[in-house]
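Below are the chains, spelled out letter by letter.
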Amino acid sequence: MTSRLADVEQTLDLPPGYTLFALRELGDAFAHGCEIAASSGAGTLVWVRRYDLVEFAVVLEPDEALVSARRAFFAGMNALGDAISSHCPPEREVSFDWPDAVRFDGGLLGGARLGWPTDCAENEIPAWLVFGVILRAADMAHVEEVPAASGVALLSEGFEMIDTNAIIESFARHLMTGFDQWRERGFEAVARDYLARLAVGKAGERRGIDVNGDLLVRTAAGKEPPERTSLVAALARADWYDRQARGPKLG
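The structure displayed is predicted, hence computed values, not measured ones.

J.: Let's hear about the packing of aromatic side chains: which residues, and what values?
T.: In this description, a pair of aromatic rings is defined by centroid distance and the angle of the planes. Using the criterion set out here, one finds 11 aromatic pairs in the structure. When the ring of Phe96 is compared with that of Tyr194, the centres are 5.3 Å apart and the planes differ by 25 degrees; the resulting orientation is stacked. In this pair, Phe96 sits in strand β4 (residues 94-97) while Tyr194 sits in helix α5 (residues 187-197), placing the two residues 98 residues apart along the sequence. In this structure, Phe96 and Tyr194 share a single accessibility class: buried.

J.: Break down the sheet that holds strand β10 (residues 227-229) for me, with residues and values.
T.: The strand order β8-β9-β10 describes an open sheet built from three strands, whose pairing is antiparallel. Pairing within the sheet leaves two strands with one partner each, and these edge strands are β8 (206-209) and β10. Taken over all neighbouring pairs, the strand axes of this sheet differ in orientation by 20 degrees on average, direction set aside. Of the pairings in the sheet, the one linking strand β9 (residues 215-218) to β10 comprises three bridges and is antiparallel in character. Counterpart to Val217 in the pairing with β10 is Glu227. Where α5 meets the sheet, its contacts fall on β8 and β9, and the angle it forms with β8 comes to roughly 130 degrees.

Here is what the cut-offs are and how they apply
Residues numbered from 1 in each chain as written. Predicted model: local features only at pLDDT ≥ 70, side-chain atom pairs only at ≥ 80, totals over all residues. Heavy atoms only, no water. Phe/Tyr/Trp six-rings, centres within 6.5 Å; stacked < 30°, edge-to-face > 60°. Helix = DSSP H or I, 4+ residues; strand = E, 2+ residues; numbered from the N terminus. Buried < 20%, exposed > 50% of the residue type's maximum accessible area, 1.4 Å probe, protein only. Pairing = 2+ DSSP bridges. Axes fitted to C-alpha atoms, helices over the stretch in contact; angles between N-to-C directions. Contact = heavy atoms within 4.5 Å.

If you want it as structure tokens, here you go:
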């Protein structure tokens, strides 16, 4: 692992294959990741050093067309869920709201988003994808008019003895494991792990993820075509997590 910002102390312990790019606290990991993705290559992890948020983004280089490559989003969500679970107190639950929200014991903790080249057609292999994450680390309830105040934060939910940077390090390892699982066992294994954390729907529903990443929900009877919820449409609105986690600009 190398750092591209020599005057910022490097503190993340990432597995081989990752390159760290550290930003100061006013940086935007997702935006910067998309900006440098074409030149930096797969495994670049952009990290914003700040106490109140866990904010990072990782560059991916898929080997399939954009229409199906977006399913990498679910591998990222699984890695994020596993990273939080591996450090949280016992008997606490990490769950997802479709497709990008992360909840801890029911409280909104943060979320993720996915970026890709705007000029890439659905049937073309994108040069890059960027998976970005923001989690609340510290309680923002003292900040006036911050919509995040009603959510939860790591340091008020039993993570006081955990260095929150360890969640990023754990995410990096789990992401590699998730892609290995995809290669060896197919995307169905990734989808199953994601759906296991997705908020429970109606009794008897059967849920799946289509080849293009859409959520498919079948009724218990299963006689009607499945209800389809678009991943692309949901990701287009994914800047909610940035607003919810950050609140007004906290420069």
